[in-house]
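So you can see what is in the structure, the chains are spelled out below.
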Amino acid sequence: MKKFKKLFTALISTATTISLMTGCAAGNNQQASSGSSGGKDGKIVVGFSQVGAESEWRTANTKSVKESAEKDPQIELKFSDAQQKQENQIKAIRSFIAQKVDVIAFSPVVQTGFDTVLQEAKTAGIPVILTDRAVDADPSLYKTMIGSDFVEEGKKAAQWMLDNVKTDKPVNIVELQGTVGSAPAIDRKAGFEEIIKDHTNYKIIKSQTGDFTRTKGKEVMEAFLKSNGKNINVVYSHNDDMAIGAIQAIEEYGLTPGKDIKIISVDGVKGAFEAMMAGKLNASIECNPLLGEQLMQAIKDVKAGKELPKWIKTEEGIFDTTNAAKEFPNRQY
Ligand code: GYE
């Protein structure tokens, strides 16, 4: 955080110097105070607060946002990494407000607790765009949310299981949840449970967070195996990275992932395709991280005063061991 503060102070003093210099050169320029800093060459300055670098999905998402901004001559991006902590994210948003950026975009680490800072942005006249994850707040506090339908993803995962792990016998499922309180963890759980509730032989016997990372996914799976060992039939993981961690834990325990224990996850990143082609992961429900271009468009639309739909939804598919090899060469993340 210290580092960030230093950088912030440096940015502010540079900005002040530049505006003082501009002030001198422009004399009594009436247009100088528009309420926003305005980018170099009249660019739209965007402050973007990213969740962190917890997964392959996130890395692809960050790359997409940065590359789309670099390609766009109208955009100047200020990027900040919250390291999966809401407090860092709130500080970053406040610093963007202090810097008078033109637009704030962020992917909320968790769903609640952003009301105050969103109100502060609104009071400062800075529009906010949500990417990837939703917040539980008054919708008038943001312009739009660009991202997936996580409930639908959870439903697709459960439906894949019902279609491919067909039996009347008891099916014991262990669930690796994403970050506690995050929209994808809440919704992927809800969607999955909604589909299995009428199929009483399918039961979630253990459910714990692995915070969307490989390391924690592996640790939690080790604990599940210790307590329930050979009684586990299915792993439902809220993302591919935790599933890959779980695969390692299952192998070390002496069972065969994909066969002794079926594994279903969400994201559809390259690592998941490799695991599916090796027969270790059974299915991955796609969640598209390539939101950069849509975000740049939404930023320009908001600045042009256009009304946007409250939710710009991402289209996505389902992959499993039957089509992974064919699809792999087309994958971009
Ligand atoms: O599924 C997971 C990441 O919010 C959709 O966050 C995103 C999720 C994604 O860490 O891998």
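Further up the page is the structure itself.
Just so it is clear, the model here is predicted, and its values are computed rather than measured. The written sequence of each chain sets the order in which its residues are numbered from 1. The model is predicted, so local features are restricted to residues of pLDDT at least 70 and side-chain atom pairs to those at 80 or more, both for listing and for counting; the totals for chains, interfaces and linings are taken over all residues. Each side-chain value is worked out from all heavy atoms of the structure, with water and hydrogens disregarded.

1. Overview of the packing of aromatic side chains
For clarity, the threshold we go by: Only rings of Phe, Tyr and Trp enter the pairing, Trp through its six-membered ring, and a pair is recorded when the two centres are within 6.5 Å. The plane angle decides the type: under 30 degrees is stacked, over 60 is edge-to-face, the rest tilted. Starting at the N terminus, helices and strands are each numbered in turn, a helix being any DSSP run of H or I of at least four residues and a strand any DSSP run of E of at least two. Only protein chains enter the accessibility calculation, which uses a 1.4 Å probe; a residue whose area is less than 20% of its type maximum is buried, one above 50% is exposed, and one in between is partly exposed. Lysine NZ or arginine CZ positioned within 6 Å of the ring centre and within 35 degrees of the ring normal marks a charge as sitting over the ring.
Under the definition given, this model contains 5 aromatic pairs. Ring centres of F192 and Y236 lie 4.0 Å apart, and the angle between their planes is 10°; on these two criteria the pair is classed as stacked. In this pair, F192 is assigned in helix α6 (residues 183-196) and Y236 in strand β8 (residues 234-237), connecting sequence segments 44 residues apart. Judged by its relative accessible area of 0%, F192 is buried. Over the face of the ring belonging to Y142 we find K310, whose NZ or CZ atom lies 4.9 Å from the ring centre.

2. Here we look at the site of the ligand
Here is the rule we go by: A single heavy atom is enough: if one lies within 4 Å of a molecule or strand, its residue is considered near that molecule or strand. Between N or O atoms, a polar contact is any pair within 3.5 Å; within protein, one atom must be a potential hydrogen donor and the other a potential acceptor, and residues adjacent in sequence are included only when both atoms are from side chains. Areas reported as accessible are Shrake-Rupley estimates using a 1.4 Å probe. Residue values count occlusion only from the protein chains shown.
Surveying the vicinity of the ligand reveals 13 residues, the closest of which are E54, D132, R133, R188 and D267. In the environment of the ligand, an oxygen atom lies 3.1 Å from a nitrogen or oxygen atom belonging to the side chain of S55. Side-chain polar atom of R188 to an oxygen atom of the ligand: 2.8 Å apart, as the coordinates give it. Across the complex, the protein chains shield 100% of the 300 Å² of accessible surface that the ligand would expose by itself.

3. Some remarks on the pattern of salt bridges
To keep things clear, this is the line we draw: A pair is scored as a salt bridge if a Lys or Arg side-chain nitrogen falls within 4 Å of a carboxyl oxygen belonging to Asp or Glu.
Applying the stated criterion across every chain, the model contains 22 salt bridges. In this structure, the salt-bridge partner of R58 is E54, at a minimum N-O distance of 2.9 Å. Both residues of the pair, R58 and E54, belong to the buried class. The salt bridge partner of R331 is E286, with a shortest N-O separation of 3.2 Å. Highlighted residues: R331 in the segment after α11 (324-327) and E286 in strand β10 (residues 283-286), separated in sequence by 45 residues. When sorted by exposure, R331 lands in the same class as E286, which is buried.

4. With respect to the nonpolar core
Basically, it comes down to this: Here, nonpolar core means buried Ala, Val, Leu, Ile, Met, Phe, Trp, Tyr and Cys residues that are tied together by side-chain atoms lying within 4.5 Å of each other. By definition, residues are in contact when any of their heavy atoms lie within 4.5 Å.
Among the nonpolar cores identified, the biggest contains 49 residues, and M161, I173, M221 and I261 are the most heavily contacted of them. With residues up to four places along the chain from it excluded, the contact list for I261 reads M221, L225, I232, N233, V234, V235, I250, L255, T256 and N282. Of all hydrophobic cores here, the second largest spans 25 residues; its members include I104, A121, V128 and Y142.

5. Side note on the sheet that holds β8
The line we're drawing: DSSP calls a pair of strands paired once it identifies at least 2 bridges connecting them. Whenever a helix is involved, its axis is fitted only over the stretch in contact; in every case the axis is a line through C-alpha atoms, and angles between N-to-C directions fall within 0 to 180 degrees.
Spatially, the 6 strands line up as an open sheet ordered β7-β6-β8-β9-β10-β12, and their pairing is mixed. Whereas interior strands pair on both sides, the edge strands pair on one side only; in this sheet they are β7 (202-209) and β12 (318-320). The sheet shows a mean angle of 20° between the axes of neighbouring strands, taken without regard to direction. As defined by bridge partners, β10 adjoins β12 across 3 bridges and the pair is classed as antiparallel. Following the sheet pairing, S284 is matched in β12 by F319. Sitting on the sheet, helix α7 (residues 214-228) is in contact with β6 (171-177), β7 and β8, with an inclination near 135° to β7.

6. A word on the side chain of H238
Within the secondary structure, H238 is located in the loop between β8 and α8 (240-253). Accessibility expressed as a relative area gives 0% for H238, which makes it buried. Of note is the side chain of H238, whose polar atom sits 2.8 Å from the side chain of E175. Once residues within four sequence positions are removed from consideration, H238 is found in contact with E175, L176, Q177, G178, P184, A185, R188, K189, F212 and V266.

7. Details of the environment of F328
Along the chain, F328 turns up in the segment after α11. As for F328 and K270, which are separated by 58 residues in sequence, their C-alpha atoms are 7.5 Å apart. In contact with F328, not counting residues within four places along its chain, are K270, F273, E274 and M277.

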